Amino acid sequence: MKPGASGTGEEQVHVVSPKESAAGVTGVLVALQRSVAQMGLRRTAKTLLKLNQADGFDCVSCAWPDPDPEHRQTAEFCENGAKATAEEATKKRVTPEFLANHSIAALDSHDEYWLGQQGRITEPFIKRSGSSHYEAISWDDANSLIATYLNGLASPDEAIFYTSGRASNEAAFLYQLFIRAFGTNNLPDCSNMCHESTSVALAESIGIGKASINLRDIYDAELIVLAGQNPGTNHPRMLSALETAKLRGAKIISINPLREAGLVNFRNPQKPRGVVGKGTDLADLHLPIRINGDLAFFQAVGSLLVEWDALDHDFINTHTTGFDAWAEHMRQVDWGFVESTTGLSRAQITEAAEMIRDSGATIYCWAMGLTQHHNSVATIKEVVNVALAQGNIGKRGAGLCPVRGHSNVQGDRTMGIWEKPPKHFLDALQKEFGFDPPREHGLDTVDAIRALRDGKAQVFVGLGGNFIQAAPDTGVTIEAMRKASLTVQISTKLNRSHLVCGDVALILPTMGRTEKDMQGGIEQYVSVEDTMCSVHASRGPLEPASKHLRSEVAIVAGIAEATLGYRHGIDWAGMRADYGKIRDHISHVVPGFADYNSKVDRPGGFVLPHPPRDSRTFTTKSGLGEFVTSPIEALQVPEGHLLLQTLRSHDQFNTTIYGHSDRYRGIKGGRHVVFIHADDITGLGFADGDFVDLVARWEDDDVDRVAQNFRLVAYDTPRGSAAAYYPETNPLVPLDSTAIGSNTPTSKSVIVSLVPAGTARTATLRQLSQSPVGADDGHKAYPEPQHLS
């Protein structure tokens with residue numbers, strides 16, 4: 001399947017009733033079946049019994065924290081974690097012979113699932129200029145080639161260095177060190193496309209862009225609010241924590257357009273009631289909110305808390321600023337606007353607010369459903385406002401919990417993977433290594449695509465990930481990447497980004513988390529940070545998939561040595577031979593990592609400091625927790641259109657596709673489906689089961705972006721809302737439609753129309769917009785949002 005293409009005639013989609021419960025025995029059987037098929041029985045046991053254990057390796061999937069070592073199960077993994085492990089530890093291989101027999105064009109004709117199923121890449125490969133195939137290349141020649149291209153650039157800022165969320169702390173620190181020693185801050189990462197809105201909002205409101213709770217707080221909470229999140233698919237081990245909280249008396253509110261199985265009931269396969277019983281009901285209240293209605297919802301809740309004086313005045317007076325202006329704004333909330341925007345009645349919102357009022361300890365959790373809208377930063381600040389109003393920060397069983405979706409995406413940012421590094425980090429880097437790193441901010445993901453498209457960047461290096469499929473506006477991203485002189489992908493398996501590449505392209509095969517990392521005959525370990533600021537070690541149990549593989553650390557060190565030589569006197573070889581030396585440097589540069597080597601080697605690792613959580617202190621501009629007043633606003637969707645959110649199926653992790661079904665939502669045998677309310681289907685002149693093209697219009701370039709041949713599925717979702725899987729629908733997300741303040745693509749707020757399949761006109765690449773780097777990003781080219789000040 002061509003990148004960005006949608007339906008194919010090969011899919012035979014079958015729709016059955018959605019599940020009313022998550023996980024259970026079925027999930028275990030699916031996980032074990034996939035694992036044995038990919039790894040064999042002995043290899044399955046060897047890996048899964050070490051997965052998420054204190055003496056084992058960290059899951060390459062989500063960033064949910066592990067219990068304390070003494071409380072871990074023998075099987076401390078979920079269905080999707082087992083799938084991710086099986087994908088990495090598969091016995092299948094991509095060899096020089098395979099690539100000699102498959103041209104790039106032939107590979108590009110297959111879908112992402114097929115590419116991933118070919119197995120692990122065994123050695124470095126190069127696509128030479130004008131070639132139709134990849135061929136083997138030595139590591140030394142590959143590093144020399146990269147160095148030649150980088151050192152031949154007119155400016156270091158003509159290179160882009162991307163990072164996915166799987167890179168370890170050690171690899172990420174070494175990577176940013178090399179890039180800044182080279183001379184640029186062009187360090188876009190996957191955070192730019194997911195939780196960047198969280199990082200911006202929390203930094204401005206509480207002084208730190210991370211969760212203010214630990215795992216025990218989940219257990220001790222009286223109320224847990226889950227907004228814009230589907231834990232059953234995206235963070236399955238979170239269900240165990242929610243079950244524990246429920247059994248200890250907590251209540252749960254779910255706020256989500258779709259009624260997801262993981263928010264209804266959990267059948268824990270490690271407990272008798274989950275195997276032969278009815279499981280544990282989770283959400284006490286489900287609010288089927290319209291897409292992009294969350295800002296209005298939380299302001300309505302805030303208005304009721306102010307009206308009822310259900311406030312922690314001691315906390316507000318001692319630890320916050322801006323309350324009076326916020327409270328006055330809450331008194332002006334227009335309930336008619338709130339109800340039309342959220343699709344919820346005043347009675348439904350009041351019921352939720354009463355639960356919040358009556359709770360002595362509330363945790364607010366959220367994920368992409370809140371972060372990928374034009375007003376996401378304002379929405380998350382409103383969540384913080386509600387938490388501050390009741391003093392739900394810095395006390396047991398309460399706080400803020402943005403749930404990260406990739407295993408070390410938070411750790412990578414902590415290690416300096418950021419295009420906007422703070423001054424104190426750069427000063428510490430200068431003091432430790434003796435060179436002055438660049439101070440000008442670099443390019444994030446959206447601006448990196450623009451730079452490649454406009455010829456302002458010539459080299460792209462990707463440390464993990466599948467950039468082509470993860471990025472928005474697939475047509476624009478494809479055109480941009482193909483303009484590069486050199487693309488370098490550090491990968492474990494084939495993906496679309498190897499096929500949509502620059503004039504010259506390299507694939508550098510890396511070890512995975514499941515594999516032993518031997519350097520100079522000494523076994524090394526790496527470390528990661530989870531979504532709740534816990535840092536711990538990871539040691540793989542398997543022999544590498546090929547003798548030609550190198551670790552991420554070794555690959556980065558090799559490129560750095562070839563490119564920089566002895567510039568700045570940095571000991572790349574020494575750090576490659578002993579990762580402890582990297583951690584020593586980290587302990588001198590990154591706050592909270594003093595004595596890193598000894599602390600991280602303890603079972604369970606250590607927890608980083610978090611001032612709001614630890615002492616109710618805030619490193620904001622005011623030195624206090626900040627109430628921020630924002631106008632209520634919502635996108636105005638034209639008549640005959642829908643607001644589409646892109647999401648994962650249960651059989652995928654990010655852009656990695658495990659299969660073509662979505663067991664929880666009742667989909668079998670295909671991914672080209674769109675979930676819509678039954679009345680919207682008939683109201684638009686279609687029938688359940690019809691096939692349509694999805695058309696998104698972005699008025700700045702007057703181009704119709706099209707995703708073709710999607711089956712309509714009547715589903716329990718609010719009127720005016722629709723949902724479909726990414727990356728199939730990424731072509732619909734305009735590059736220039738981003739969140740105000742964070743520049744995150746608005747993948748949860750895409751205005752679309754439906755036309756009969758095969759009738760939409762697909763835009764050519766030349767028709768797509770060419771907004772400049774640093775343009776005034778936001779939602780301006782959609783109909784202006786209606787808002788009340």
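Residues numbered from 1 in each chain as written. Predicted model: local features only at pLDDT ≥ 70, side-chain atom pairs only at ≥ 80, totals over all residues. Heavy atoms only, no water.

(A) Summary view of the sheet that holds strand β34 (residues 750–756). Around the barrel, six strands lie side by side as β26-β33-β30-β32-β31-β34; this closed barrel has mixed pairing. Neighbour to neighbour, the strand axes of the sheet diverge by 45° on average, direction disregarded. Alignment of strand β31 (residues 691–698) against β34, held across five bridges, turns out to be antiparallel. By the bridge assignment for β34, Asp 693 is matched with Val 755. (Pairing = 2+ DSSP bridges. Helix = DSSP H or I, 4+ residues; strand = E, 2+ residues; numbered from the N terminus. Axes fitted to C-alpha atoms, helices over the stretch in contact; angles between N-to-C directions.)

(B) Quick look at the sheet that holds strand β9 (residues 251–255). Strand order in the open sheet formed by five strands is β12-β9-β8-β14-β15, and the pairing between neighbours is parallel. The sheet is open, and its two edges are formed by β12 (285–287) and β15 (399–402), each paired on a single side. With strand direction ignored, the average angle separating the axes of adjacent strands in the sheet is 15°. Sheet strands in contact with helix α12 (residues 238–247) are β8 (223–227), β9 and β14 (362–366), and its direction is about 150° off that of β8. (Contact = heavy atoms within 4.5 Å.)

(C) Expanded view of the nonpolar core. Core analysis: the largest hydrophobic core is formed by 63 residues, its most contacted members being Phe 178, Leu 508 and Trp 572. Apart from the residues within four sequence positions on either side, Phe 178 is in contact with Leu 150, Phe 161, Ile 559, Ala 560, Thr 563, Leu 564 and Trp 572. If you look at the next biggest cluster of nonpolar residues, it comprises 56 residues, including Val 225, Tyr 364, Val 377 and Ala 387. (Core = buried A, V, L, I, M, F, W, Y, C linked by side-chain atoms within 4.5 Å. Buried < 20%, exposed > 50% of the residue type's maximum accessible area, 1.4 Å probe, protein only.)

(D) Expanded view of the pattern of salt bridges. Per the stated rule, a full pass over the model turns up 41 salt bridges. Note that Asp 651 is salt-bridged to Lys 83, the shortest N-O span being 2.7 Å. Taken together, the positions of Asp 651 in the loop between β26 (642–647) and β27 (652–653) and Lys 83 in helix α3 (residues 79–88) put the pair 568 residues apart, joining distant regions of the chain. Lys 83 matches Asp 651 in its accessibility class, with the two residues each being buried. Through salt bridges with shared partners, a single ionic network connects Arg 34, Glu 79, Lys 83, Asp 651 and Arg 663. (Salt bridge = Lys/Arg side-chain N within 4 Å of Asp/Glu carboxyl O.)

(E) View of the packing of helix α22 (residues 423–433) against helix α28 (residues 579–589). Contact geometry of α22 with α28 gives a least axis separation of 9 Å together with a crossing angle of 130°. The pairing of α22 with α28 is recorded here as oblique in orientation. Considering only the axes of α22 and α28, their crossing is right-handed. Every residue of α28 that contacts α22 at Phe 425, Ala 428, Leu 429, Glu 432 and Phe 433 is listed here: His 585, His 588 and Val 589. Classifying every residue of the contact of α22 with α28 by side-chain character gives five nonpolar, two polar and one charged. (Parallel < 35°, antiparallel > 145°, perpendicular 65-115°, else oblique. Left-handed = near helix turned anticlockwise from the far one by under 90°. Nonpolar A, V, L, I, M, F, W, Y, C, P; charged D, E, K, R; others polar.)

(F) Fine view of helix α25 (residues 474–482). For α25, a buried count of eight out of nine residues is recorded, marking the element as mostly surrounded by other parts of the structure. Of the positions making up α25, those classed as buried are Thr 474, Gly 475, Val 476, Thr 477, Ile 478, Glu 479, Ala 480 and Met 481. Against the buried residues of α25 lie α23 (445–453), β16 (459–463), α24 (467–470), β17 (486–491) and β32 (703–714).

(G) Quick look at the side chain of Asn 265. With respect to the element layout, Asn 265 can be found in strand β10 (residues 265–267). Judged by relative accessible area, which is 5%, Asn 265 ranks as buried. A polar contact is formed between the side chain of Asn 265 and the backbone oxygen of Lys 278, at a distance of 3.2 Å. Separated by 2.8 Å, the side chains of Asn 265 and Asp 281 make a polar contact. (Polar contact = N/O pair within 3.5 Å; in protein donor to acceptor, adjacent residues only side chain to side chain.)

(H) Spatial organisation of the packing of α23 against α25. At a minimum axis distance of 7 Å, the contact between α23 and α25 shows a crossing angle of 55°. The orientation of α23 with respect to α25, classified from their angle, is oblique. Between α23 and α25 lies a crossing of left-handed hand. Of the residues in α25, those in contact with Ile 449, Leu 452 and Arg 453 of α23 are Val 476, Thr 477, Glu 479, Ala 480 and Met 481. A per-class count over the contact of α23 with α25 returns five nonpolar, one polar and two charged.

(I) Molecular detail of the confidence of the model for the protein. In this model, the protein carries a mean pLDDT of 93, and residues with pLDDT of at least 70 account for 95%. Throughout residues 764–789 the model reports pLDDT below 50, and contacts reaching past four residues in sequence, or to other chains, amount to 82 contacts. (pLDDT = per-residue confidence, 0-100.)

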